[in-house]
There are 2 protein chains.
Amino acid sequence: MINSVPSDSVGIIKPKEFHFDNPLELASGRQLPFFDLIVETYGELNVNKSNAVLVCHALSGDHHAAGYHAANDRKAGWWDACIGPGKAIDTDLFFVVSLNNIGGCSGSTGPTSTNPETGKYYGPDFPVVTVKDWVNTQFILMKRLEIPKWAAVIGGSLGGMQAIQWAISYSEKLHSAICIAGAPKLSAQNIAFNEVARQSITSDPNFFEGRYLEKNTSPKKGLTLARMVGHITYLSDNAMRLKFGKTVMDFEKEGNNFGRDLRSGKLSFGFNVDFQVESYLHYQGERFSENFDANTYLLMTKALDYFDPSVDYGGDLSRGFSESNCDFLLISFSTDWRFPPERSREIVEDLLKTNKEVTYLEIEADQGHDAFLLPIPRYVAALKSYLNRIYNEITTNAS
Amino acid sequence: MINSVPSDSVGIIKPKEFHFDNPLELASGRQLPFFDLIVETYGELNVNKSNAVLVCHALSGDHHAAGYHAANDRKAGWWDACIGPGKAIDTDLFFVVSLNNIGGCSGSTGPTSTNPETGKYYGPDFPVVTVKDWVNTQFILMKRLEIPKWAAVIGGSLGGMQAIQWAISYSEKLHSAICIAGAPKLSAQNIAFNEVARQSITSDPNFFEGRYLEKNTSPKKGLTLARMVGHITYLSDNAMRLKFGKTVMDFEKEGNNFGRDLRSGKLSFGFNVDFQVESYLHYQGERFSENFDANTYLLMTKALDYFDPSVDYGGDLSRGFSESNCDFLLISFSTDWRFPPERSREIVEDLLKTNKEVTYLEIEADQGHDAFLLPIPRYVAALKSYLNRIYNEITTNAS
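Per-chain numbering applies: the sequence of each chain, read as written, is numbered from 1 onward. Whichever chain is written first becomes A and whichever ligand is written first becomes 1, with later ones labelled in order. Per-residue local features are limited, in this predicted model, to residues with pLDDT of at least 70; the limit for side-chain atom pairs, both in listing and counting, is 80 or more; totals at the level of whole chains, interfaces and linings are taken over all residues.

Draft legend 1. Spatial organisation of the overall build of chain A. When helices and strands are counted, chain A shows 10 helices and 12 strands. This radius of gyration counts C-alpha atoms alone. The globule rule is 2.2 Å times how many residues there are, raised to the power 0.38. For chain A, whose C-alpha radius of gyration is 21 Å, the value lies close to the compact-globule estimate of 21 Å for 399 residues. Put simply, a residue is buried when 20 or more other C-beta atoms lie within 10 Å of its own C-beta and exposed when 12 or fewer do; between those, it is partly exposed, and each C-beta is set from the backbone. The buried share of chain A, taken over its 399 residues, is 57%. Counting from the N terminus, the helices are DSSP H or I runs at least four residues long and the strands are E runs at least two residues long.

Below, the structure is given as structure tokens:
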């Protein structure tokens, strides 16, 4: 292994592409004539093919969940904190499958792919996709990989919603559904923030009704703004106070100044960036806008808004779970205000109502919604111990 | 009185303009050569001139706090719920003074006024103003009105911050400071939301670096977006669930569907507005953008960000209050997440540390930050009883 890759990393990873020739029917009533999925896998599939774990990504994630694409990569995959040898999702035990969902912009068929009908980019003509559509494509991928049953389907945020949908749509095909920092559906406030993000993008003069790639441009300012709004909802007020309040004034007040550190030591009395928090959000937003497709962002926010597995059951999610025979693990974080602990407890309640096996863990953490991506000791230890138990069950039974 | 005006209204009101010829030194180091304030008053000043109450407005408010400008007005002033004969701020007892602050866009000198140096609109050349600057102009207005001491200075949100600043800057000039739904200073999260709002405005192609009025246009889309973001922070998640979740699905789940009412009964599978909450925010944002100046919005958000009266006291606000000899009333609302109850309690703590008279009230209310504008019975009753006590004190003593 190359020196620069840490020893608890899955190492250098090469994504694989899978092509699917059959038309895919979507929840919208539209169809994709064919589609590609880009996939990474970590660890080895065992002889019984019983140790496979499906990792589902959130709004801005992709297939690159762990390891590196090259030895000189600055950053590892988005969930490297939890996936690797000896880590919570232990690649010494599990065969981990991570894909980019359709509608994405990292290699799976999406708005940046060529529309076979026009020979141009799909762009805004790519159909609106739902969590159910994704789970259907993940099931098609599962068959291609000849995996009979997932040891676990796992994800955080929008990824956790996919785990919930799996437990409803293909309950017999997974041993355990693990939903971290999720929600049974978005509230009006969640939807409102998503709509602000969409408006930011579509109001950008470089959006060109979604056909910006044909004009060799992109709505970077709008996407930056959308990401800035999103980013605020990923961090807790407390996390921001800690992150941007390092300067302690001469009167020490609980160790920080409310996150009001200035960028240049004094106020500008103009409309430039005054505070570190502004500078940080600009930087994060701009970096994101250079690497992500605006149409994909629109699609992901709609998938979030539309997710409501209770709709098929007259609003009663517990009825949706009634046929589920998998285990459930739900984890939430105390300062997450995007999908607070109450939202996970709503899912727990619906599971208990229909007498399901459910483990629920509420982690004290300052980091808000983003906590699910971070190596928070109690969280990682609990996830690891739960998954190790699953591993023992699947390898002792041949279920 | 005209039939259409309710009997507990202050009636039809005519604003008054005051011109101030002396240059005004600002916190930024810049100066205004002269300035105008537009003012409304309700009720009668008593012989001792002891019954005057100053009302300070918040981000998007103005001098028109109560009553109507014409009999056919659709809406009363912004704080009509609390100002009027027999209301909390009882105009049968008090002489109420309400002004538009400088930097505003409703008649006081601001970015839409003519810059005497250029003969054009001030626009982006209007100086950044602070809460302290406003309090200074309010003090100048007080002298012009020959009011020796305010019975109370009162405001909600940014208005409450002005009341706090009065208690520090001109403590001997007010009997009581009333700060509702306020904060001692903004946190990093508050600043972050303001920066998103500013970016929305300045990214609009019709912003023209602030000189849009010269081009006879305005950045309406950007201002709409800014207001949408703001509006989300004014409402609680719960308020939104109640407001936009009227449709109960056939399985009744705590009476609503998380605020997920659809606009047209079904999902569009496109990027149109699907949910009522989106439609509402668009409507509110667009209406606002037709009646408010974008440069003023920028100035108001900076005044919020910059407000930190503790800065002059090494970060210790209690030292700022040490010379204050007025009474204090602080009110917060349980579901306000813009300036939650903790923020008011921080002010209370600083007052207690320096042994001040302080009354603090935390009101259970679903409406979030906006609650301060609404006729919530316990809130209005408490405010009324506090102010009536003040009235008795000022009319029995001749202080």
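Back to the text.
Draft legend 2. Main features of helix α7 (residues 294–306) of chain A. Here a helix's expected span is defined as the number of its residues, less one, multiplied by 1.5 Å. In this model, α7(A) (13 residues) spans 19 Å end to end at C-alpha, consistent with the 18 Å of a helix rising 1.5 Å per residue. Among the 13 residues that make up α7(A), 13 are buried, leaving the element largely enclosed by the rest of the structure.

Draft legend 3. Region of interest: helix α10 (residues 377–396) of chain A. All names here are of chain A. Over its 20 residues, α10 runs 28 Å from end to end, which matches the ideal 28 Å to within 8%, given 1.5 Å per residue. Among all positions in α10, only Tyr 379, Leu 383, Leu 387, Ile 390, Tyr 391 and Ile 394 are buried. Projected down its long axis, α10 shows its buried positions confined to an angular sector of 105 degrees, all on one face. Residues of α10 that are exposed and point more than 90 degrees away from the buried face comprise Pro 377, Arg 378, Ala 381, Ser 385, Asn 392 and Thr 396. Once C-beta atoms have been placed from the backbone, residue pairs whose C-beta atoms lie within 7 Å are recorded as contacts. Check the buried side of α10 and you find it contacts β7 (89–90), β9 (152–156), β10 (176–180), β11 (327–333) and β12 (358–363). The arc in question is formed by the directions pointing from the helix axis toward the C-beta atoms.

Draft legend 4. Representation of the interface of chain B and chain A within the structure. The interface is formed by 51 residues belonging to chain B together with 50 residues belonging to chain A. Contributing elements (two or more residues each) for the side of chain B that touches chain A: α3 (188–203), α4 (220–234), α5 (237–243), α6 (276–291) and α7 (294–306) of chain B. Top element by residues in the side of chain B that touches chain A is α3(B). It accounts for 12 residues.

Draft legend 5. Representation of the sheet that holds strand β4 (residues 35–42) of chain B in the model. Residue and element names in this part refer to chain B. In this analysis, strands are considered paired if DSSP registers two or more bridges between them. The eight strands are arranged β1-β4-β8-β5-β9-β10-β11-β12 in an open sheet whose pairing can be described as mixed. Strands with a single pairing partner mark the edges of an open sheet, and in this sheet they are β1 (16–20) and β12 (358–363). Here the strands of the sheet are splayed against their neighbours by 20 degrees on average, with no regard to which way each runs. Inspection of the sheet shows strand β9 (residues 152–156) paired to strand β10 (residues 176–180) by four bridges, in the parallel sense. Among the inter-strand pairings, Gly 155 is bridged to a residue of β10, identified as Cys 179. Strands in contact with helix α1 (residues 131–144) are β1, β4, β5 (52–56) and β8 (95–99); relative to β4, the strand with the most contacts, it is inclined by about 65 degrees. Here an axis means a line fitted to C-alpha atoms, over the contact stretch when the element is a helix, while the angle between two N-to-C directions is reported on a 0 to 180 degree scale.

Draft legend 6. Fine view of the domain arrangement of chain A. Residue and element names in this part refer to chain A. Domain delimitation in this document rests on an assignment produced automatically or drawn from a domain database. Domains assigned within chain A are domain 1 (16–185 + 308–396) and domain 2 (202–294). Inter-centroid distance (C-alpha atoms) of domain 1 to domain 2 is 28 Å. Taken together, the contacts link 16 residues of domain 1 with 14 residues of domain 2. Along the lines of polarity and charge, the residues of the side of domain 1 that touches domain 2 split into five nonpolar, seven polar and four charged. Charged means Asp, Glu, Lys or Arg here, nonpolar means Ala, Val, Leu, Ile, Met, Phe, Trp, Tyr, Cys or Pro, and polar covers whatever is left, Gly included.

Draft legend 7. The sheet that holds strand β1 (residues 16–20) of chain A, seen in detail. All names here are of chain A. Pairing within the open sheet is mixed, and its eight strands lie in the order β1-β4-β8-β5-β9-β10-β11-β12. Looking at which strands have only one partner, the edges of the open sheet turn out to be β1 and β12. Direction aside, the axes of adjacent strands within the sheet are offset by 20 degrees on average. The strands that helix α1 (residues 131–144) touches are β1, β4 (35–42), β5 (52–56) and β8 (95–99); relative to β4, the one it contacts most, it runs at about 65 degrees.

Draft legend 8. Seen up close, the nonpolar core. Val53(A), Ala177(A), Val53(B) and Ala177(B) are the most contacted members of the largest nonpolar core, which totals 241 residues. Ignoring anything within four residues of it in the chain, the contact list for Ala177(A) reads Val153(A), Ala163(A), Ile164(A), Trp166(A), Ala167(A), Cys326(A) and Phe328(A). Structurally, a nonpolar core is described as a collection of buried Ala, Val, Leu, Ile, Met, Phe, Trp, Tyr and Cys residues joined by way of C-beta atoms within 7 Å.

Draft legend 9. Spatial organisation of the packing of α1(B) against helix α2 (residues 158–169) of chain B. Residue and element names in this part refer to chain B. Relative orientation of the contacting elements α1 and α2 amounts to 70 degrees, with a least axis distance of 9 Å. With respect to each other, α1 and α2 are oriented roughly perpendicular. In this structure, the crossing between α1 and α2 has a hand that is right-handed. Across the interface between the two elements, Val 131, Lys 132, Trp 134 and Val 135 of α1 pack against Met 161, Gln 162, Gln 165, Trp 166 and Ser 169 of α2. Looking at side-chain class alone, the contact of α1 with α2 contains five nonpolar, three polar and one charged residues. Just so you know how the angles are binned, under 35 degrees is roughly parallel, over 145 roughly antiparallel, 65 to 115 roughly perpendicular, and the rest oblique. Crossing chirality is assigned from the near helix's rotation relative to the far helix, an anticlockwise turn below a right angle marking it left-handed and a clockwise turn marking it right-handed.

Draft legend 10. Just the environment of Ser50(A), in detail. Structurally, the position occupied by Ser50(A) is in the loop between β4 and β5. Between the C-alpha atoms of Ser50(A) and Ala152(A), which are 102 residues apart in sequence, the distance is 9.9 Å.

Draft legend 11. Focus on the relation of the copies chain B and chain A. C-alpha atoms of residues with pLDDT of at least 70 in both copies form the basis for the least-squares superposition of the copies. Under the fitted operation, chain B is carried onto chain A by 0.0 Å of movement along the axis and a turn of 180 degrees, and the coordinates agree to an RMSD of 0.0 Å. Expressed as a symmetry operation, the mapping of one chain copy onto the other fits a two-fold axis. In this assembly the copies share their binding face: 98% of the residues contributing to the interface of chain B also contribute to that of chain A.

Draft legend 12. Seen up close, the packing of helix α3 (residues 188–202) of chain A against helix α4 (residues 220–234) of chain A. All names here are of chain A. In the contact formed by α3 and α4, the axes pass within 7 Å of each other and the chain directions differ by 160 degrees. Relative to α4, the element α3 is oriented roughly antiparallel. Along this stretch, α3 crosses α4, giving a crossing that reads as right-handed. Of α4, the residues touching α3 (which contributes Phe 193, Val 196, Ala 197, Ser 200 and Ile 201) are Gly 222, Leu 223, Leu 225, Ala 226, Val 229, Gly 230 and Thr 233. When grouped by side-chain class, the residues that make up the contact of α3 with α4 number eight nonpolar, four polar and no charged.

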